[in-house]
Amino acid sequence: MKAVRFDEYGGVDVLKVVDVPTPAPGPGQVLVQVRAAGINPGEAKIREGLLHSRWPATFPSGQGSDLAGVVAGTGTGVTGFTAGDEVIGYTDNRASQAELVVVGERNLTAKPPAVPWDVAGALNVAGATAYATVRAVALAEGDTVVVAGAAGGVGSLAVQLARRAGATVIGLASPANHEWLAGHGVIPVAYGDGAAGRIRQAADTVDAFIDTFGADYVQLALELGVEPSRIDTIVRFDAVAEYGVKAEGNAAGAGGSTLAELAGLIADGQLEVPIAARYPLGQVRDAYRRLASGHLRGKIVLTV
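Right, let's walk through the structure included here. Just so it is clear, the model here is predicted, and its values are computed rather than measured.

## Overview of the overall build of the chain
- Secondary structure assignment for the chain yields eleven helices and 14 strands.
- The C-alpha radius of gyration computed for the chain amounts to 19 Å, which stays within 12% of the reference 19 Å derived for 304 residues, consistent with globular compactness.
- Its C-alpha atoms give the chain principal-axis dimensions of roughly 60 × 40 × 35 Å.
- Here the chain holds 304 residues, and the buried ones make up 53% of them.

## Concerning the side chain of Asn-40
- The topology assignment puts Asn-40 in the loop between strand S3 (29–39) and helix H1 (41–48).
- Here the side chain of Asn-40 touches Lys-299 through a polar contact of 2.4 Å, side chain to side chain.
- Leaving out residues up to four positions away in the same chain, Asn-40 has contacts with Asp-66, Val-125, Tyr-288, Leu-291 and Lys-299.

## A word on the nonpolar core
- Counting residues in each nonpolar core, the largest one holds 43 residues, and the members touching the most others are Leu-139, Val-145 and Val-159.
- Contact partners of Leu-139, with chain neighbours within four places excluded, come to Val-134, Val-145, Ala-162, Ala-165, Ala-167, Ala-208 and Arg-230.
- In terms of nonpolar packing, the next biggest core, distinct from the first, is built from 20 residues, Ala-148, Ala-195, Leu-220 and Ile-231 among them.

## Brief notes about the pattern of salt bridges
- With the rule as written, the count across this model stands at ten salt bridges.
- The residue Lys-299 makes a salt bridge to Asp-66 at a minimum N-O spacing of 3.8 Å. Placement of Lys-299 in strand S14 (residues 299–303) and of Asp-66 in strand S4 (residues 66–74) is noted, with a sequence separation of 233 residues between them.
- A salt bridge links Lys-111 to Glu-86; its shortest N-O distance comes to 3.7 Å.

## A word on the layout of surface pockets
- Its boundaries defined by the atoms lining it, the second largest pocket holds a volume of some 200 Å³.
- What lines the second largest pocket is a set of 18 residues, and nearest its centre among them are Arg-5, Pro-23, Asn-93, Ala-95 and Val-101.
- The set of elements that each furnish at least two residues to the lining of the second largest pocket consists of strand S1 (2–5) and strand S6 (100–104).
- Grouping the constituent residues of the lining of the second largest pocket by class yields ten nonpolar, six polar and two charged.

## Looking at the environment of Ala-190
- For Ala-190, the location among the structural elements is in strand S10 (residues 187–190).
- Between the alpha carbons of Ala-190 and Gly-49 there is a distance of 32 Å; along the sequence they are 141 residues apart.

## Considerations on the packing of aromatic side chains
- Counted according to the given criterion, the structure contains four aromatic pairs.
- Between Phe-6 and Phe-59 the ring centres are 5.9 Å apart and the planes differ by 70°, which places this aromatic pair in the edge-to-face class. Remark: Phe-59 occurs in the loop between H1 and S4 and Phe-6 occurs in the loop between S1 and strand S2 (16–19); sequence separation between them is 53 residues.
- With relative accessibility at 35%, the residue Phe-59 sits in the partly exposed group.
- The structure contains a cluster of three or more aromatic residues connected by ring pairs, namely Phe-6, Tyr-9 and Phe-59.
- A cation sits over an aromatic face here: Arg-54 above Phe-237, 4.3 Å from the ring centre.

## A closer look at the packing of helix H3 (residues 123–136) against helix H4 (residues 155–164)
- Close contact between H3 and H4 brings their axes to 8 Å; oriented N to C, the two are set at 45°. Classified by the interaxial angle, the pair formed by H3 and H4 is oblique. Crossing angle aside, the handedness with which H3 passes H4 is right-handed. Where H3 approaches H4, its residues Ala-126, Gly-127, Ala-130, Tyr-131, Thr-133 and Val-134 are matched on the opposing element by Leu-157, Ala-158, Leu-161 and Ala-162.
- Residues of the contact of H3 with H4, tallied by class, amount to eight nonpolar, two polar and no charged.

## Description of the sheet that holds strand S9 (residues 168–173)
- Strands sit in the order S10-S9-S8-S11-S12 across an open sheet of five strands; the sheet is parallel. The sheet is open, and its two borders are formed by S10 and strand S12 (231–233), each paired with just one other strand. Strand-to-strand twist across the sheet, computed as the mean angle between neighbouring axes with direction ignored, equals 15°.
- As paired strands, strand S11 (residues 208–211) and S12 are joined by three bridges and run parallel to one another. The residue bridging Asp-211 from the neighbouring strand is Thr-233, located in S12.
- In the packing of H4 onto the sheet, the strands contacted are strand S8 (144–148) and S9, and the crossing angle to S8 comes to about 170°.

Reading guide: rules and limits
Residues numbered from 1 in each chain as written. Predicted model: local features only at pLDDT ≥ 70, side-chain atom pairs only at ≥ 80, totals over all residues. Heavy atoms only, no water. Helix = DSSP H or I, 4+ residues; strand = E, 2+ residues; numbered from the N terminus. Rg over C-alpha atoms; globule rule 2.2 N^0.38 Å. Buried < 20%, exposed > 50% of the residue type's maximum accessible area, 1.4 Å probe, protein only. Polar contact = N/O pair within 3.5 Å; in protein donor to acceptor, adjacent residues only side chain to side chain. Contact = heavy atoms within 4.5 Å. Core = buried A, V, L, I, M, F, W, Y, C linked by side-chain atoms within 4.5 Å. Salt bridge = Lys/Arg side-chain N within 4 Å of Asp/Glu carboxyl O. 1 Å grid on protein atoms, 1.4 Å probe; cavity = no way out; pocket = protein on both sides within 12 Å on 5 of 7 lines; lining within 4 Å. Points joined across faces, edges and corners; volume = space filled by probe spheres on them. Nonpolar A, V, L, I, M, F, W, Y, C, P; charged D, E, K, R; others polar. Phe/Tyr/Trp six-rings, centres within 6.5 Å; stacked < 30°, edge-to-face > 60°. Lys NZ or Arg CZ within 6 Å of the ring centre and 35° of its normal. Axes fitted to C-alpha atoms, helices over the stretch in contact; angles between N-to-C directions. Parallel < 35°, antiparallel > 145°, perpendicular 65-115°, else oblique. Left-handed = near helix turned anticlockwise from the far one by under 90°. Pairing = 2+ DSSP bridges.

Structure follows, in structure tokens:
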């Protein structure tokens, strides 16, 4: 089977698609024929060696977490899925960017027929992260929350989930994404110099802040008077110790039950996962180049 591999840390040029042995599912595992696999900024950082101290790579390394596909086989003890089932899931073994992948049964959920393959394949990392960030800042009816990076893969879902929680949502994004945000009930505000003043014009007070971008957004949240316990960042891990903010993300939100809930919302038309671009597996380098170019609305997906 074909799978993405890299043998050393580096830029996109270290990525290659090679033939590897087909994996066999062990006890409690499911073999999935992948139809779509999302790509994420964290994967690029791991491949570049930027997260070596936190998540070191073992070479040769595979890549990818998000996936959607069709069950090709099951190991002993699997009771929830059978061959031919359509599923959404994830792997923690950096292996989803491949034609076939072994996945733990608890990391899968049934794919509703109304959820497109590309959306299903892009759902886990961004969806579970957005789910965790909204929960971390404890939104309630009437709260006002600012989401930085509001049109990105995580931000575009976080703003929608925050609206569902009853909050007024201010989305920091480029003007090109303001129409999309407004169409989803979000107050769009341009990022950059003067953002604090523009946010204050949009809302008298800010109760919570979700940072999906990094840079100085934690400091901006504090400047706006948000309590540290209601600030969540998925990038500035150093800010936890320095300012007492939260850094709850994918690890806090991941699970088959979260995927099932999000997939149900998508199937019912209550949650949109914007797809910025699609690439075949063999063009994985181009997909990550597009990711690195920034200014995306939503997710990039590899189709298999």
